[in-house]
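Fold and contact review
So the chains spell out like this:
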Amino acid sequence: QPHVQRQDAGLRAEAEQRFAAALAQREMLVKEVHHRIKNNLQGVAGLLQQNAARHPELAVILSESVGQVQAIAQVYGLQVGAGGPLRVASVVEAIALSVQRTFGRPVQVDQGTAEVAAFLLPEAEAIPIALTINELMTNAIKHSVQADVRCALSCREDEVQLQIRNAGQLREGFSLTQFPGGVSGLGLVRALLPRRSASFDLRQDADTVLAEMVLKAPSVVREAG
């Protein structure tokens with residue numbers, strides 16, 4: 001009987017080792033795929049930039065596409081080093097750096113309290129939210145007069161708030177209802193954000209334009225523990 005028990009324990013240990021090895025190999029393969037996707041997307045962005053240089057009349061449209069492709073690439077780049085869902089703060093920081101490189105303009109990011117770091121983006125939400133943040137930061141830079149764009153994260157209970165400010169003035173009578181869902185700008189923001197778990201507002205606040213996005217569960221999840 002003791003011999004049989006030792007044999008069973010040995011078989012279980014061997015099976016657990018095989019399972020752990022299979023998981024490690026799967027994780028390595030997933031990271032490699034994410035790395036290759038990121039590199040391929042950055043290659044596409046480079047081709048678009050070359051086309052923009054050759055065709056100045058299309059530069060504005062193509063630069064918008066470059067930013068969107070780079071935003072998606074940032075998500076895949078973060079997933080290479082992550083072992084699960086991405087942190088909201090990490091995605092905001094990565095997109096801010098990407099926008100800075102594209103426009104050569106600073107984007108100041110205040111990640112708020114340490115509590116913000118506990119909020120995660122489910123995999124299905126990572127790319128839509130990244131594209132939304134990219135659009136809001138890009139929009140702020142395009143409509144500010146050489147002033148810094150400021151971005152602040154905060155949280156409470158089960159939601160995260162992202163505020164992006166730029167010096168500027170909204171036109172009289174401005175309303176978000178004037179922008180139906182589309183493929184660029186504020187139309188893209190409205191199309192991407194999940195209606196039940198996210199809200200968005202763009203308003204005048206003294207001498208700045210304030211874009212405010214609030215994400216709730218299931219668009220964000222507070223890390224357990």
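On a predicted model such as this, the values are computed, not experimentally measured, just so you know.

It is worth spelling out the overall build of the chain at this point. The helix and strand tally for the chain stands at five helices and eight strands. Traced from its N-terminal end to its C-terminal end, the chain shows the element sequence α-α-β-α-β-β-α-β-β-α-β-β-β. For the chain, the residues scored as buried account for 36% of the 225 residues in total. When contacts within the chain are restricted to residue pairs at least 6 apart in sequence, those whose partners lie at least 24 apart make up 68%. As displayed, the chain has an accessible area near 12,900 Å², and 54% of this comes from carbon and sulfur atoms.

When you tally the buried positions in strand E7 (residues 208–216), you get eight out of nine residues, the bulk of the element. Across nine bridges, the pairing between strand E5 (residues 159–167) and E7 is antiparallel. The residue bridging Ile 164 from the neighbouring strand is Ala 211, located in E7. Sheet topology note: the strand E6 (residues 198–205)/E7 ladder contains eight bridges and is antiparallel. Note that in E7 the partner of Asp 205 across the bridge is Thr 208.

Rules used throughout
- Residues numbered from 1 in each chain as written.
- Predicted model: local features only at pLDDT ≥ 70, side-chain atom pairs only at ≥ 80, totals over all residues.
- Heavy atoms only, no water.
- Helix = DSSP H or I, 4+ residues; strand = E, 2+ residues; numbered from the N terminus.
- Buried < 20%, exposed > 50% of the residue type's maximum accessible area, 1.4 Å probe, protein only.
- Contact = heavy atoms within 4.5 Å.
- Areas by Shrake-Rupley, 256 points an atom, 1.4 Å probe, with all protein chains shown as cover.
- Pairing = 2+ DSSP bridges.

From the geometry alone we can't say anything about function, so treat these as descriptive.
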